[in-house]
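Read off the chains here:
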Amino acid sequence: MRALKLLALLPFAALLGGCDFVVLAPAGDIAAQQRDLVVISTVLMLIIVLPVMALTVFFAWRYRQSNAAAPYEPEWDHSTQLELVIWSAPLLIIICLGALTWMGTHLLDPYRSLGRIAADKPIESKDAPLNVEVVALDWKWLFIYPDYGVAAVNELAAPVDRPIRFRITASSVMNSFYIPALAGQIYAMPGMETKLHAVANKEGTYRGFSPANYSGAGFSGMHFDFKSLSATDFDKWIGSAKASSNMLGRTDYLQLERPSQNDPIRLYRSVDRDLYKAILNMCVEPGKMCMSEMMAIDAKGGLGREGFNNTLPLTYDKYARRGAPLGSEPTFVAGICSMDEIKDAPSHEITAPLDLTPLRGFGLKRPPFSPAHPSSTSLLLGQRPKSES
């Protein structure tokens with residue numbers, strides 16, 4: 001019978017074998033500080049929990065019905081000494097936990113720039129942070145390296161002892177960005193940007209994934225590898241990305257954005273320099289107005305009645321798979337010509353130099369226009385042709 005009982009415990013031992021203690025053995029200084037916070041908090045709470053559990057067993061045994069030697073005091077109702085112990089010990093622990101949490105909340109704020117590489121290694125002027133732009137897609141992760149002009153899908157690399165500055169957003173629904181060995185998790189939300197600062201202190205390959213916010217059929221495969229490399233190996237990794245045949249422009253991104261499961265690792269040798277900005281402002285699609293432009297227009301009073309019809313139909317509705325809303329076909333607000341587009345206009349359309357001073361009312365000099373195409377240039381600048389003035 002004893003052997004059968006031991007055999008019955010084997011499945012539970014197998015389950016324990018799948019546990020991963022990476023949170024208690026991290027590879028980065030931020031994660032190490034978070035581990036210390038968890039350990040210290042647990043120890044402080046055990047100061048109360050363990051005595052309470054031990055006394056529960058002691059009192060149950062001491063004052064059991066069969067123990068006639070235990071004192072019987074039915075009129076007892078108060079002890080000042082016991083009250084002091086019962087209330088003072090938890091109060092002191094709560095004060096310690098509150099102070100610890102307050103300091104940890106500020107020192108480990110994900111938006112706060114790193115103050116050190118490790119406990120014995122302060123930040124130096126030569127330690128320029130590595131900028132990484134993170135996009136949570138369905139169901140994969142996109143990492144853009146703006147300083148190097150490369151990108152990767154489902155693989156993130158960084159050199160050891162170099163601060164990492166993450167800028168994080170999402171394409172369609174909220175996800176959670178988490179590398180247990182590096183730092184705590186932080187949400188990735190469409191149309192919003194969150195930030196995270198971290199550093200890796202030892203080489204290795206670690207798991208990153210989305211531990212929260214279930215987002216569909218491919219959610220379980222939404223993980224990636226984080227490679228902590230030496231400076232030399234990181235340069236080689238950047239070189240392998242630049243040697244790739246893949247390029248990531250806006251059209252390529254719109255294809256990548258479509259839902260797919262268990263995507264392989266892909267590297268991109270070049271990236272549209274404004275791609276992350278367009279993803280964040282939800283205007284990657286051609287002709288779609290960016291949120292930043294829309295907010296700027298709203299801040300100035302809006303487009304008025306004429307703006308009601310300033311819409312175009314969507315060619316790809318990323319939300320349709322989650323249940324398209326009732327009503328007409330989905331549309332988006334169309335973009336309006338900006339000064340950047342005017343600057344980039346072909347030379348045959350605008351031959352005269354442009355005065356890009358904003359029009360603020362009567363009295364300012366009107367911007368010049370091409371005699372060959374006065375109406376088109378004037379309309380680009382938001383004016384009527386002189387013949388209509």
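**Details of the confidence of the model for the chain**
Summing up the model confidence of the chain, the mean pLDDT is 81 and the portion of residues at 70 or higher is 76%. With pLDDT under 50 throughout, residues 370-389 is counted as low confidence; its partners more than four residues away or in other chains account for 32 contacts.

**A closer look at the packing of aromatic side chains**
With the rule as written, the count across this model stands at 15 aromatic pairs. Seen in terms of ring centroids, Tyr-148 and Phe-234 are 5.8 Å apart; in terms of plane orientation they differ by 80 degrees. Their pairing is edge-to-face. With Tyr-148 in the loop between strand 4 (140-145) and strand 5 (150-153) and Phe-234 in helix 4 (residues 231-242), this pair connects stretches of sequence that are 86 residues apart. On the basis of relative accessible area, Tyr-148 is assigned to the partly exposed category, the value being 24%. Residue Phe-234 is classed as buried on the basis of its relative accessible area of 2%.

**Describing the state of the cysteines**
What the rule picks out here adds up to one disulfide. Each sulfur in the disulfide pair Cys-283 and Cys-290 lies 1.9 Å from the other. Taking the torsion about the S-S bond as the criterion, the Cys-283 to Cys-290 disulfide, at about 75 degrees, is right-handed. One exposure class covers both Cys-283 and Cys-290, and it is buried.

**A word on the pattern of salt bridges**
The tally for this structure, following the rule as stated, stands at 10 salt bridges. Here Lys-121 ties to Asp-161 by a salt bridge, and the two come within 3.2 Å at their closest N and O atoms. Highlighted residues: Lys-121 in strand 2 (residues 121-122) and Asp-161 in the loop between strand 6 (155-159) and strand 7 (164-170), separated in sequence by 40 residues. The partner of Asp-272 in a salt bridge is Arg-250, and the shortest N-O contact between them spans 3.9 Å. Taken as a pair, Asp-272 in the loop between strand 15 (270-271) and helix 6 (275-280) and Arg-250 in helix 5 (residues 250-257) lie far apart in primary sequence, 22 residues in all. Assessed through its relative accessible area of 31%, Arg-250 is described here as partly exposed. Put simply, Glu-133, Arg-167 and Glu-193 are held in one network by salt bridges that share partners.

**Side note on the environment of Leu-142**
If you trace the backbone, Leu-142 turns up in strand 4. Classification of Leu-142 by relative accessible area gives buried; the value is 0%. Linking Leu-142 and Leu-267, residues 125 residues apart in sequence, is a C-alpha distance of 9.9 Å.

**Some details on the packing of helix 2 (residues 29-62) against helix 3 (residues 80-107)**
For the pair helix 2 and helix 3, the least separation of the axes is 9 Å and the interaxial angle reads 170 degrees. One way to sum up the angle between helix 2 and helix 3 is to call them roughly antiparallel. Each of Leu-37, Ile-40, Ser-41, Leu-44, Met-45, Ile-47 and Ile-48 in helix 2 lies in contact with helix 3, whose residues at this interface are Ala-89, Pro-90, Ile-93, Cys-96, Leu-97 and Leu-100. Among the residues forming the contact of helix 2 with helix 3, the class breakdown is 12 nonpolar, one polar and no charged.

**Remarks on the layout of surface pockets**
Roughly 330 Å³ of internal volume is contained in the second largest pocket. The set of elements that each furnish at least two residues to the lining of the second largest pocket consists of helix 2, helix 3, strand 9 (183-188) and strand 10 (194-198). Considering every element that reaches the lining of the second largest pocket, the biggest residue donor is helix 2, with five residues. Partitioning the lining of the second largest pocket into residue classes produces eight nonpolar, eight polar and four charged.

Reading the values: the criteria
Residues numbered from 1 in each chain as written. Predicted model: local features only at pLDDT ≥ 70, side-chain atom pairs only at ≥ 80, totals over all residues. Heavy atoms only, no water. pLDDT = per-residue confidence, 0-100. Contact = heavy atoms within 4.5 Å. Phe/Tyr/Trp six-rings, centres within 6.5 Å; stacked < 30°, edge-to-face > 60°. Helix = DSSP H or I, 4+ residues; strand = E, 2+ residues; numbered from the N terminus. Buried < 20%, exposed > 50% of the residue type's maximum accessible area, 1.4 Å probe, protein only. Disulfide = S-S within 2.5 Å. Salt bridge = Lys/Arg side-chain N within 4 Å of Asp/Glu carboxyl O. Axes fitted to C-alpha atoms, helices over the stretch in contact; angles between N-to-C directions. Parallel < 35°, antiparallel > 145°, perpendicular 65-115°, else oblique. Nonpolar A, V, L, I, M, F, W, Y, C, P; charged D, E, K, R; others polar. 1 Å grid on protein atoms, 1.4 Å probe; cavity = no way out; pocket = protein on both sides within 12 Å on 5 of 7 lines; lining within 4 Å. Points joined across faces, edges and corners; volume = space filled by probe spheres on them.

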